[in-house]
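Observations on the three-dimensional arrangement
Spelled out, the chains give:
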Amino acid sequence: MFSKEYDVIVVGGGHAGSEAAAAAANMGSSTLLVTMNLQNIAQMSCNPAMGGIAKGQIVREIDALGGYSGIVSDKTAIQFKMLNQSKGPAMWSPRVQSDRMRFAETWRLMLEQTKNLDFYQEMISGILVEDDRVVGVKTSLGLTIRAKTVVLTNGTFLNGLIHIGEKQFGGGRAGEKASTGITEDLVTLGFDSGRMKTGTPPRVDGRSLDFSKMIIQPGDDNPQKFSFSDETQPLKEQRPCHMTHTSTLVHELLKEGFDRSPMFNGSIKSIGPRYCPSIEDKINRFADKDRHQLFVEPEGWDTVEYYINGFSTSLPEDVQYRALKECAGFENVKFFRPGYAIEYDYFPPTQLKHTLETKLVSGLFFAGQINGTTGYEEAASQGLMAGINAHLKVHEKDPFILKRDEAYIGVLIDDLITKGTEEPYRMFTSRAEYRTLLRQDNADYRLTPVSFEMGLASKERMNRMEEKYAKSDAFIQFFKDTSVSPEVINPILESRESATVKQSDKMFKLFSRPNITMDDMRQISEVEHFVKEHALDHESLEQTEIQVKYAGYIEKEKNNADKLHRLEGIKIPSNFDYAKLKSLSFEAREKLTQIKPVTVSQASRISGVSPNDISVLLVYMGR
């Protein structure tokens, strides 16, 4: 059955594995996706949502690169919100509530319609390596399947251990067994491993809740979508979420279970996500707060199951139940299942190259939570990049690496392999020093051309992107070329409490004022005529407004990025001996030797390497 040698084997069918398999197969590699349960491909293990702050930017980047996450999110969305719209466009972040069951089904069906992709359901128990090169995998039934490259995307399954109060049992997810054997193989090969923890809240029966006691959280009035393609359309109807709060009584009831909490009694020794703490962690760390927000999120269009965002916990189930009953609207709550914590193996990502290939074993790639990240979006983006680079390696082509000023995905991977992580890594806009360049609205402009060149993005995608930006560029030029008289513009300026003008001025200059919007400018007949004559859609109008208003900021960040590129151009030999540079600090020598940065720019981002150490390197490299 497995007599052929595959180009790429992807182990694990979560978000990382699904994107990796799709990318490698779509680029032309013979690909096998092996997972423990084919019914759970792309399962949303935690919250039924995609996107959010910085994560939404990642999903749009995945879509621009030809990945499936954006399309699946649009097709299965039940609500859309653009977060952070009170701030500048660099902070705008799209997010959807998803139908959990339809999300997994849509992913599965899209993968089944992908050429070059085979499937097999079984546990992979080991990696086959010959002469420091991966040659395949072995299964729990004793099968050997050979491949030129292997992508490991094991999620929380590697030696997974689930905690509910004082109860512990092996598992990679509720109702699913853990995966064993791979960690042991990798450690034998010389890899360092560690343990991390994450958690999930209870799921409850919506029929038992009183939503009249909660605050409704509707979607946007004019919802947008993730994918840049014509394959999906914005939602025409949406399901609302709701918000309620904990209270001092709820906190007291939770505290009664602290002596049986694995978080506090020593059962859990690993570190959980700092930015998504459990409810017991929150009331312990933020003792001065009398209440915390809870978001009550529907799991789909038709199901009555609800996800209680903000109540992640591993306390005993009876404590969870008694405490949640005291929240407004939950007085008669019925549980579908309690919350739990899960510990699992991960491998510090400083053991990887920028391609996500391991330094120790040629052809072996890691993507997703195995690298210490948290979140579907972070996992999916790594899977996409690992799948692309596995294909490129098989076909002896140059690797595909995104720089920090090109994509949030580039920031994510560079952070992981350069700085490592000792706690589950989550992406934030603050992690990207060039976030004005890396907006969610221009991901297609940044990434579709390179994706098209590699054969992932279609010609239709490329044409659509070029048309959008050609229209926007023409509109910007119109504003630069066209003047407006005081009698036309002053009433608009006065309505916005902006200083009036005494003589005609270029529209671009007036539009650049922070309190003047596109809707204001469209009150001018020449502007509205241009919009209708050129059939400008929402995306072109939004792009024009951003480019006009933030031109100065964008130019400044481009200049800063150019300076970074100059350091990126100074390569460091892979076998460079840092011990001979006596002027380097001891810590810098140790870190540089361990991580082996490829460029001086990457070296400058390593924790413990000072500007003085970089000066020493620059002098030695002949600047």
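Here, every reference points to the structure presented above.
Below you will find a few notes about this structure. (Residues numbered from 1 in each chain as written. Predicted model: local features only at pLDDT ≥ 70, side-chain atom pairs only at ≥ 80, totals over all residues. Heavy atoms only, no water.)

1. Describing the environment of alanine 104
Defined as follows: Put simply, DSSP H or I for four residues or longer makes a helix, DSSP E for two residues or longer makes a strand, and each gets a number counted from the N terminus. Each residue's exposure class comes from its accessible area (1.4 Å probe, protein chains only) as a fraction of the maximum for that residue type: buried when under 20%, exposed when over 50%, partly exposed otherwise. Residues count as neighbours in contact if any of their non-hydrogen atoms are within 4.5 Å of one another.
Examined against the element boundaries, alanine 104 turns out to sit in helix H4 (residues 100–112). On the basis of relative accessible area, alanine 104 is assigned to the buried category, the value being 11%. Along the backbone, alanine 104 and threonine 373 are 269 residues apart, and their C-alpha atoms lie at a distance of 21 Å. Not counting residues up to four positions away in its chain, the partners in contact with alanine 104 are Ile41 and Ala42.

2. Looking at the pattern of salt bridges
This is how it is decided: By definition here, a salt bridge exists when the distance from a side-chain nitrogen of Lys or Arg to a carboxyl oxygen of Asp or Glu is within 4 Å.
Counted by the stated rule, this structure contains 43 salt bridges. One salt bridge connects lysine 55 with glutamate 377, and the closest N-O pair in it is separated by 3.4 Å. Here lysine 55, found in helix H2 (residues 55–64), pairs with glutamate 377, found in helix H9 (residues 376–394); they are 322 residues apart in sequence, far enough to count as distant. Residue lysine 55 shares its accessibility class with glutamate 377, and that shared class is buried.

3. A look at helix H11 (residues 443–454)
Here is the rule we go by: Between the first and last residue of a helix there are one fewer steps than residues, each counted as 1.5 Å, and that sum is the expected span. Working definition: the arc comes from the directions between the helix axis and the C-beta atoms, pointing outward to the latter.
Relative to the 16 Å expected for 12 residues at 1.5 Å per residue, H11 spans 17 Å between its end C-alpha atoms, a close match to the ideal helical length. Every buried residue of H11 is accounted for by Ala443, Asp444, Arg446, Leu447, Thr448 and Ser451. What you see down the axis of H11 is that its buried residues fit within an arc of 170°, all on one side. For H11, the elements touching its buried residues are H2 and helix H12 (459–481).

4. Re the nonpolar core
Soluble globular proteins tend to bury their nonpolar side chains together. This is how the line gets drawn: Put simply, a nonpolar core is a bunch of buried Ala, Val, Leu, Ile, Met, Phe, Trp, Tyr and Cys residues held in one set by side-chain atoms that sit within 4.5 Å of each other.
Ranked by size, the top nonpolar core spans 99 residues in total, and within it Ile9, Leu152 and Leu364 carry the most contacts. Counting residues per element, this core draws most heavily on H9, which supplies 9 residues. Ranked by size, the runner-up nonpolar core spans 23 residues in total, among them Leu493, Val501, Phe511 and Ile524.

5. Quick notes on the sheet that holds strand S3 (residues 49–51)
What holds strands together in a sheet is hydrogen bonding between their backbones, with the strands either parallel or antiparallel. The criterion, for reference: Two strands pair under a simple rule: DSSP has to find at least two bridges between them. Lines fitted to C-alpha atoms define the axes, with helix axes restricted to the stretch in contact, and inter-axis angles between N-to-C directions lie between 0 and 180 degrees.
The 3 strands lie next to each other as S3-S5-S4, forming an open sheet whose pairing is antiparallel. Every interior strand has two partners, whereas the edge strands, S3 and strand S4 (77–83), have only one. Averaged over neighbouring strand pairs, the angle between their axes works out to 20° when direction is ignored.

6. Topic: the packing of helix H1 (residues 15–26) against H4
Helix-helix packing is characterised by the crossing angle of the two axes and by the distance between the axes. Here is the rule we go by: Oblique is the label for any angle not covered by the other classes, which are roughly parallel (under 35 degrees), roughly antiparallel (over 145) and roughly perpendicular (65 to 115). In this scheme, a crossing is called left-handed if the near helix is turned counterclockwise away from the far one by less than a right angle; it is called right-handed if the turn is clockwise. In this classification, Asp, Glu, Lys and Arg are treated as charged, Ala, Val, Leu, Ile, Met, Phe, Trp, Tyr, Cys and Pro as nonpolar, and every other residue, Gly included, as polar.
One way to put it is that H1 packs onto H4 with a least axis distance of 11 Å and a crossing angle of 20°. Of the possible angle classes, the one that applies to H1 and H4 is roughly parallel. Relative to H4, the crossing made by H1 is left-handed. Residues His15, Ser18, Glu19 and Ala22 of H1 touch H4, and the partners they reach there are Phe103, Trp107 and Leu111. When the residues that make up the contact of H1 with H4 are grouped by side-chain class, the tally is 4 nonpolar, 2 polar and 1 charged.

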